[in-house]
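# Reading the structure
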Amino acid sequence: MSRRLVLVGNVIADLVIEIPALPERGGDVIGSRAELTVGGGLNTLVAARRLGARAVFAGPHGTGPYGELVRAALAGEGIQTLLPVRVDGDTGFTVALVDGGGERTFVTSFGVEARLAEPEVAAVAAAIGPGDLVQLSGYALALPAGGPPLARLAAGLPADVTLCFDPAPLVADIPPAVLDPVLARVDWLSANAREARLMTGHAEPAAAAAALRGRLSPAAGALVRDGGDGCWLALPGSEPRHVPGFPVRAVDTNGAGDAHVGAFLARLGQGDTPLDAARAANAAAAIAVTRTGPATAPTSAELAEFLGRAAT
């Protein structure tokens with residue numbers, strides 16, 4: 001039976017604007033398309049849910065149009081919300097600029113998720129059970145109010161809970177006192193190449209993967225996602241291994257890393273080896289970038305068909 005994925009982080013609104021290229025500082029650019037959707041941790045939850053995992057959102061969600069949008073998106077994918085609605089404000093939002101090459105740039109304005117309360121952290125801790133997969137985002141750790149209690153929650157998770165940490169683009173803003181206890185507890189760290197470079201100083205993904213694994217506990221593993229080139233998998237006691245990606249024409253990379261993380265955890269929770277789970281995650285991310293929108297991860301049938309074609 002697939003294990004449950006509990007996301008401890010943020011699900012927020014995304015205002016996605018397609019542009020030909022980023023303007024110069026002080027300049028302007030006309031967008032070709034705009035869409036208000038839901039992003040953040042939703043992409044990870046959807047990726048896991050569509051591959052058959054049970055998924056739970058264990059983060060704050062507010063009162064207002066963005067909070068309503070988030071709850072509707074979660075419900076539409078069969079994803080449970082753990083915490084009650086916050087009445088002291090709305091959910092936050094991100095402006096995602098997608099350029100002509102499919103690359104994305106973010107500007108985020110947080111809402112109630114920036115004011116995570118201790119009773120909410122206690123409720124999340126009480127709801128996490130044996131065998132759960134817990135996904136923690138660096139966005140949540142970077143917030144002054146939520147970072148310290150979430151770090152304590154992560155450090156105190158029992159050994160029969162698998163903790164995965166995605167550093168996210170704001171990893172350089174996480175204080176060491178918050179980040180270090182999380183790194184000491186994680187079972188898996190999954191970072192993109194930029195985040196891995198910020199954490200290790202290594203621009204080469206293989207070297208960054210090895211350095212990241214060296215910062216973790218002896219039994220933990222690290223992945224460095226390298227876009228279309230796939231990922232590097234660093235397991236205890238061995239050199240990082242390159243897991244090749246799948247050549248596709250990317251039209252929108254928004255949410256690709258989240259799709260990778262969600263697929264990796266879902267397949268781990270279904271009994272895959274880390275190597276097989278990483279290959280499936282590469283395929284899920286490849287499918288996601290060929291589709292416009294934030295939550296574009298494949299279903300189990302779509303993933304199986306894609307992997308079957310790739311093997312022939």
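About the cut-offs
- Residues numbered from 1 in each chain as written.
- Predicted model: local features only at pLDDT ≥ 70, side-chain atom pairs only at ≥ 80, totals over all residues.
- Heavy atoms only, no water.
- Salt bridge = Lys/Arg side-chain N within 4 Å of Asp/Glu carboxyl O.
- Helix = DSSP H or I, 4+ residues; strand = E, 2+ residues; numbered from the N terminus.
- Buried < 20%, exposed > 50% of the residue type's maximum accessible area, 1.4 Å probe, protein only.
- 1 Å grid on protein atoms, 1.4 Å probe; cavity = no way out; pocket = protein on both sides within 12 Å on 5 of 7 lines; lining within 4 Å.
- Points joined across faces, edges and corners; volume = space filled by probe spheres on them.
- Core = buried A, V, L, I, M, F, W, Y, C linked by side-chain atoms within 4.5 Å.
- Contact = heavy atoms within 4.5 Å.

## Some thoughts on the pattern of salt bridges
A full pass over the atoms with the stated rule returns 15 salt bridges. The residue R115 makes a salt bridge to D88 at a minimum N-O spacing of 3.8 Å. Of this pair, R115 sits in the loop between β7 (104-109) and α3 (118-127) while D88 sits in the loop between β5 (80-81) and β6 (93-98), placing them 27 residues apart in sequence. For R115, a relative accessible area of 38% puts it in the partly exposed group. The partner of R185 in a salt bridge is D187, with the nearest N and O atoms 2.9 Å apart. According to the relative accessible area criterion, D187 is partly exposed, its value standing at 25%. Here the residues in one salt-bridge network are R86, D88, R115 and E120, joined through shared partners.

## Some details on the layout of surface pockets
Taken as a whole, the largest pocket encloses approximately 1100 Å³ of empty space. Together, 46 residues line the largest pocket, and R104, N192, T253, A256 and G257 are the ones closest to its centre. Mapped by element, the contributors of at least two residues to the lining of the largest pocket are β2 (11-18), α1 (42-50), β7, β8 (133-137), α7 (193-200), α9 (256-269) and α10 (274-289).

## Examining the nonpolar core
In terms of nonpolar packing, the biggest core is built from 43 residues, with L136 and F165 touching the most fellow members. Setting aside residues up to four positions removed in sequence, L136 forms contacts with V8, L141, L150, A154, L163, C164, F165, D166 and V182. By size, the runner-up hydrophobic cluster in this structure holds 29 residues, among which are C164, V243, V261 and F264.

## A word on unusual backbone geometry
Unusually for a residue other than glycine, A168 sits at a positive phi of about 70°. Tracing the backbone shows A168 in the loop between β9 (162-166) and α6 (176-185).

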